[in-house]
Amino acid sequence: MIRRPPRSTLFPYTTLFRSGSLYGPSQVKMTESLSQHLSRRDSCPFQPHVGPAASAFLLVEATGGSGGGGYGSGGGRAGSVVSKGNGSPSKAAMGGNLAELQDLLKAGKSKEVKTFVRENDWSPTNSIRSHLWFELCRHHSTDGMSSEGFYSETVDQVFGRNQIMLAVMQSRTLGQCVKEIEERPEECAHLPSFVDQVNVLSYFLTEKGNLAARRVICVLGYTHPDITYCPGLYPLTSLFLHYMSEEDAYNSLCTLVRSRQGKFLHQTKLGYEAAWRTVYTLTKKHAKAAFAHLGKFVKTSDQVERLFESWYWWIFKYLPFTHLVRVVDCYLYEGKKVLYRVAMALVMLFAKQSAKMDSVLSQEALNFGLRQAIQKFCQDIPVTPSKLLKIAFGIRSLSQKNINNILLRIEMGLKSRTLITGPASIKRSFSSEGLPTSQSQINIHMSSHTLTVRELLTLWSWLPTRVTMYQPELVYTTEEHGCSLLTFYSRVQNYEPTLLIIKTTDDEIFGAYCSTKWSEKDTKGETGQKRTYFGTGETFLFTINPEMRKYPWVGLRHQEGSETTALKHSAELFMAADNKMLTIGGGSGQAIWIDENIRFGGTSRCDTFDNPPLSESRNFECKVVEVIGFK
């Protein structure tokens, strides 16, 4: 018999379980509409035994006791399921028990384990999950869990080695640290580079829980230095800390990281790209009608392809917590193929709900974009977790072998982009589409983490002919080199010309071809003072997503004779830069400006290029900034 830890040590890192039915008297404030919503079983995915009071993550405000405990020991795995108010667990709450799962795992009955996990519809507040997740992860361990005390010792070692981390942990309040994570992720130097700084998801963790998640991630980065890009680790860490101790969360995540053939997590940029392309390919092949329906809301097929770049966040960022934990239940045994299936199911459900073009969802997609419509659909998903999983696992002819073959083929295709060499490899079909044909233009395939091959080739066709003969190189990206203008200048200043590519948090992509070295910002004019603006008329602006368009210098129209008025001085303000910001275009506004932390920027019409704002919101937040240089 597994002993249940005292209530004061259960789930110390989350507010999810603090409700009247779990922790005694509490003060709960709910809006009338929310109460009505919870009272309807068809719209509330909770099991009846939980009730509205236990739905802490849907409450406007809930108070209750918080657990204590330091890192490595804050709460154990609960040994019993959530009980009803009278103290006895309901039959629905019990579902399948832990002993049954352990017997199936020991017997190696894979199909029975899948059925067990898929069909037991445990609610998010069911504490059996704290044992379930740990057992499922331990089942995948090939070299056993880390020895007791290893995690605590490593935490001391990691934070002792980094005085900046130690200062953050000791000199700031918990609230300040959490605020730093949520509001200024790019300034959190203690988070490893494999973390997606835009999606540092904490769900319902307390301040102490957020600090625990940060510690776990830091130790993972220290003990697994080969991880280069793994945006799924932080969300999983936050989820694990809802149901298990900090040390158990670390050990469980280690088993997923070390799993054979990357069954659970893609740990490189190339692997992550291969994953979304796999979901795109699978949806196109196995959900043909739903895939074709997406094309009704976009102008080009490239926009549908780009939509799948954010497939991972449909699940981990936008699905309700009730649905997310059930998906993770299955994922922790079967692997990432579960996520592929769920993403496809979401597309199928979206297509069904937006089948009528006059529906609210269709109008949302037409007026605000397909990406936003799908995100909102996931947030307000009209089916229960069980129904979502039933649709996902009901997709036929989608075996693990089939998925692996598609994924492998895509990965090999992506890797081969750097291996194409020699004149014989140059295909003349490029020129038949108006695309470049030189050797350097084949090498551009690996020059950007942000643009697709077709987008890069289209951008290449806009460059001056002589530039296409140079060797392109990705000289700066915020994903690898950090977010600082000083770093930006140090890496790009000796390249001429350069391509500045900006991807916003709304997935808009735009930028500028900068004809002059950025080191020109330090040169002095005839008066002995530094130049404010520099550059030449070859500089131009462009947008890639949601539409591809080039905005050349207005002076070219004068040279071609299409304009008869004199060219203003404000039409010759190409590039400007200092330690506080960089600017492209001037006169009546700036076409692009970015702040010193390369986090926020703005765009407006300017006299130099006579362009519209390149971003719909005008003020934008940077997700990725890249610079491709030529020498």
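Bear in mind the structure is a predicted one, so any value in this text is a computation, not a measurement.

### Looking at the nonpolar core
So, step 1. In terms of nonpolar packing, the biggest core is built from 116 residues, with F308 and W311 touching the most fellow members.
So, step 2. Sort the elements by how many residues they give to this core and helix α18 (residues 337-353) lands first, with 12 residues.
So, step 3. The next biggest cluster of nonpolar side chains, apart from the first, holds 35 residues, and it includes Y476, F510, L614 and V627.

### Quick look at the pairing of strand β5 (residues 509-514)
So, step 1. Burial runs high along β5: 6 of the 6 residues are buried.
So, step 2. Neither face of β5 is exposed, since I509, G511 and Y513 on one face and F510, A512 and C514 on the opposite face are all buried.
So, step 3. Where strand β4 (residues 498-504) meets β5, 6 bridges bridge the pair, whose relative direction is antiparallel. The residue bridging T498 from the neighbouring strand is C514, located in β5.
So, step 4. Connecting the antiparallel pair β4 and β5 is a turn made up of 4 residues, with D507 showing a positive phi of about 65 degrees.
So, step 5. Of the pairings in the sheet, the one linking β5 to strand β6 (residues 540-545) comprises 5 bridges and is antiparallel in character. Residue pairing in the sheet places Y513 in a bridge with F540 of β6.

### Re the packing of helix α6 (residues 128-139) against helix α17 (residues 321-334)
So, step 1. Viewed as axis vectors pointing N to C, α6 and α17 meet at an angle of 25 degrees, and their least axial separation amounts to 8 Å. The angle between the axes of α6 and α17 places the two elements in the roughly parallel class. Where α6 crosses over α17, the two elements pack in a sense that is left-handed. Between α6 and α17, the contacting residues are R129, L132, W133, L136, C137 and H139 on the first element and V325, R326, V328, D329, L332 and Y333 on the second.
So, step 2. Residue composition of the contact of α6 with α17, by class: 8 nonpolar, 1 polar and 3 charged.

### As for the environment of T384
So, step 1. Mapping T384 onto the fold places it in the loop between α20 (370-379) and α21 (385-393).
So, step 2. Along the primary structure T384 and T322 are separated by 62 residues, whereas in three dimensions their C-alpha atoms are 8.6 Å apart.

### A few points about the pairing of β4
So, step 1. Of all the 7 residues making up β4, 7 are buried; the element is thus mostly covered by neighbouring parts of the structure.
So, step 2. Across 7 bridges, the pairing between β4 and strand β12 (residues 619-630) is antiparallel. When the sheet's bridge partners are listed, I502 is paired in β12 with V625.

### Structural notes on unusual backbone geometry
So, step 1. Cis geometry is found at the peptide bond from E496 to P497, where omega equals -5 degrees.
So, step 2. With respect to the element layout, P497 can be found in the loop between α27 (485-492) and β4.
So, step 3. In the segment running from N545 into P546, the intervening peptide bond is cis, with an omega of 20 degrees.
So, step 4. The residue P546 is located in the loop between β6 and β7 (549-551) in this model.
So, step 5. The phi torsion at I598 lies on the positive side, around 50 degrees, for a residue other than glycine.
So, step 6. Among the secondary structure elements, I598 is positioned in the loop between β10 (592-595) and β11 (600-602).

### Some remarks on the confidence of the model for the chain
So, step 1. Residues at a pLDDT of 70 or more form 72% of the chain, whose mean pLDDT is 76.
So, step 2. The low-confidence segment residues 19-94 (pLDDT under 50) makes 144 contacts with residues lying over four places distant or belonging to another chain.

### As for α20
So, step 1. Most of α20 sits inside the fold, with 7 of its 10 residues counted as buried.
So, step 2. For α20, the full list of buried residues reads L370, R371, A373, I374, Q375, F377 and C378.
So, step 3. The inward-facing, buried residues of α20 abut α14 (288-294), α15 (301-307), α16 (311-318), α18 and α19 (360-368).

### Some thoughts on the pattern of salt bridges
So, step 1. Within the structure shown, the criterion is met by 22 salt bridges.
So, step 2. When the shortest N-O distance is used, the salt bridge between R138 and E135 registers 2.6 Å. Taken together, the residues R138 and E135, both in helix α6 and 3 residues apart, mark about one turn of the helix.
So, step 3. Here E135 falls in the buried class, since its relative accessible area comes to 10%.
So, step 4. The shortest N-O distance in the salt bridge between E305 and R277 comes to 2.8 Å. Of this pair, E305 sits in helix α15 while R277 sits in helix α13 (residues 269-286), and the two are 28 residues apart along the sequence.

About the thresholds
- Residues numbered from 1 in each chain as written.
- Predicted model: local features only at pLDDT ≥ 70, side-chain atom pairs only at ≥ 80, totals over all residues.
- Heavy atoms only, no water.
- Core = buried A, V, L, I, M, F, W, Y, C linked by side-chain atoms within 4.5 Å.
- Buried < 20%, exposed > 50% of the residue type's maximum accessible area, 1.4 Å probe, protein only.
- Helix = DSSP H or I, 4+ residues; strand = E, 2+ residues; numbered from the N terminus.
- Pairing = 2+ DSSP bridges.
- Axes fitted to C-alpha atoms, helices over the stretch in contact; angles between N-to-C directions.
- Parallel < 35°, antiparallel > 145°, perpendicular 65-115°, else oblique.
- Left-handed = near helix turned anticlockwise from the far one by under 90°.
- Contact = heavy atoms within 4.5 Å.
- Nonpolar A, V, L, I, M, F, W, Y, C, P; charged D, E, K, R; others polar.
- pLDDT = per-residue confidence, 0-100.
- Salt bridge = Lys/Arg side-chain N within 4 Å of Asp/Glu carboxyl O.

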